[in-house]
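Structure at a glance
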Amino acid sequence: MSANKKTVIIVMGVSACGKSTIAKGLQNEQKDVFYIEGDDLHPQSNIDKMSQGTPLNDDDRYPWLCAIHNRISSTLEDENCRVVIASCSSLKHKYREILTKGESEKAKVRPIFLHLKGDFDVLLKRISQRKGHFMKSQMLESQYAALEWPYKNDIVGDSDTDYDTLTVELTESKSASDVIAEARRRLNQDRGVSI
Ligand SMILES: Nc1ncnc2c1ncn2[C@@H]1O[C@H](COP(=O)(O)OP(=O)(O)OP(=O)(O)O)[C@@H](O)[C@H]1O
Ligand SMILES: O=C(O)[C@H](O)[C@@H](O)[C@H](O)[C@H](O)CO
């Protein structure tokens with residue numbers, strides 16, 4: 001299968017929306033589905049900054065987003081790979097552009113952005129319960145402030161999106177398994193991706 005026939009899914013959203021959990025659940029140990037944990041590609045300086053409770057800025061995120069783009073591109077070259085799933089907050093339009101184009105216009109990947117869209121209160125509760133993680137709860141506010149919806153006019157389901165986007169709405173009663181099942185169904189029905 002040539003690299004441009006393969007599927008790239010980037011699970012996006014603010015901190016604690018479940019990017020890693022849902023991406024790993026979708027990967028589900030399938031040999032032809034490769035998982036990239038975006039947080040593993042932060043420079044140490046970014047981890048140190050977030051650990052001190054300081055939100056990252058555009059300059060901090062630039063090398064990190066390029067590293068994710070590059071890792072997606074190199075993973076697509078693997079002949080055993082059918083689908084790449086990466087977790088990355090992808091908060092702004094220009095970040096999604098870097099993830100797509102990298103540092104050169106030539107190196108394009110065409111991701112489906114799977115947006116896990118949750119209300120502040122639901123995620124605040126989750127983030128407050130999480131132990132031993134560098135993301136502090138007060139930083140959640142900065143994540144929402146930075147978030148630019150991947151759909152124009154802030155309307156979920158708006159077909160006029162900046163990138164190919166699927167949205168799964170989070171509620172307190174939807175478990176991680178529910179979200180994984182819904183994402184899998186939507187990817188299959190709406191994008192013909194079987195995963
Ligand atoms: N649908 C869900 N319902 C309840 N808890 C969930 C759900 N999805 C994930 N979680 C839990 O929420 C916490 C955050 O999940 P996870 O680490 O996957 O989020 P994340 O978006 O990758 O976070 P970050 O970007 O901050 O690393 C974890 O403790 C996870 O078990
Ligand atoms: O874009 C950002 O501000 C950061 O990258 C965060 O999203 C972290 O990667 C993640 O949330 C930490 O757990």
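Under the annotation held in an unreviewed UniProt entry, the protein carries the name Gluconokinase and is attributed to Acrasis kona. A UniProt comment under Catalytic activity (unreviewed entry) is attached to the protein, and it reads "D-gluconate + ATP = 6-phospho-D-gluconate + ADP + H(+)". One UniProt comment on the protein, placed under Pathway (unreviewed entry), says "Carbohydrate acid metabolism; D-gluconate degradation."

**Details of the overall build of the protein**
Across its full length, the protein carries seven helices and five strands. Ordered by position in the sequence, the α and β elements of the protein form the string β-α-β-α-α-β-α-β-α-α-β-α. Every one of the 195 residues in the protein was classed for burial, and the buried ones make up 48%. Across the protein, every contact between residues at least 6 apart in sequence was considered, and the portion connecting residues at least 24 apart equals 75%. Here the protein displays about 9800 Å² of accessible surface, and carbon together with sulfur accounts for 45% of that area.

**Describing the pattern of salt bridges**
As enumerated under the stated definition, the model contains 10 salt bridges in all. Note that Lys125 and Glu172 form a salt bridge whose closest N and O atoms lie 2.6 Å from each other. Highlighted residues: Lys125 in helix α5 (residues 120-129) and Glu172 in the loop between β5 (165-169) and α7 (176-191), separated in sequence by 47 residues. Residue Glu172 is classed as exposed on the basis of its relative accessible area of 58%. In the salt-bridge network here, residues are joined through shared partners; they are Asp58, Lys92 and Lys94.

**Structural notes on the site of ligand 1**
Neighbouring residues of ligand 1: 16 residues in total, closest Ser15, Lys19, Ser20, Thr21 and Arg130. Measuring from a nitrogen atom of ligand 1, one finds a backbone N or O atom of Lys174 at 3.1 Å. Relative to its unbound accessible area of 630 Å², ligand 1 is 74% covered by the protein chains. Looking at the shell around ligand 1 element by element, the count peaks at three residues for helix α1 (residues 19-27). Looking at the shell around ligand 1 residue by residue, the classes come out as five nonpolar, six polar and five charged.

**Some thoughts on the sheet that holds strand β2 (residues 33-37)**
Sheet strands line up and pair through hydrogen bonds in the backbone, either parallel or antiparallel. As summarised here, the arrangement of the five strands in space is β2-β3-β1-β4-β5, forming an open sheet in which the pairing is parallel. Taken across any chain shown, the strands that pair with only one partner, and hence form the sheet edges, are β2 and β5. Ignoring which end each strand starts from, the neighbouring axes of this sheet average 20 degrees apart. Alignment of strand β1 (residues 7-12) against strand β3 (residues 83-87), held across five bridges, turns out to be parallel. Bridging from a neighbouring strand, Val8 pairs with Val84 of β3. On the sheet, α1 packs against β1, β2, β3 and β4 (111-117) and is oriented at approximately 165 degrees with respect to β2. Against the sheet, helix α4 (residues 93-101) contacts β1 and β4, and its axis sits at roughly 145 degrees relative to β4.

About the thresholds
- Residues numbered from 1 in each chain as written.
- Chains lettered and ligands numbered in written order.
- Predicted model: local features only at pLDDT ≥ 70, side-chain atom pairs only at ≥ 80, totals over all residues.
- Heavy atoms only, no water.
- UniProt positions renumbered as here; feature names shortened; annotations may be inferred.
- Helix = DSSP H or I, 4+ residues; strand = E, 2+ residues; numbered from the N terminus.
- Buried < 20%, exposed > 50% of the residue type's maximum accessible area, 1.4 Å probe, protein only.
- Contact = heavy atoms within 4.5 Å.
- Areas by Shrake-Rupley, 256 points an atom, 1.4 Å probe, with all protein chains shown as cover.
- Salt bridge = Lys/Arg side-chain N within 4 Å of Asp/Glu carboxyl O.
- Near = heavy atom within 4 Å.
- Polar contact = N/O pair within 3.5 Å; in protein donor to acceptor, adjacent residues only side chain to side chain.
- Nonpolar A, V, L, I, M, F, W, Y, C, P; charged D, E, K, R; others polar.
- Pairing = 2+ DSSP bridges.
- Axes fitted to C-alpha atoms, helices over the stretch in contact; angles between N-to-C directions.

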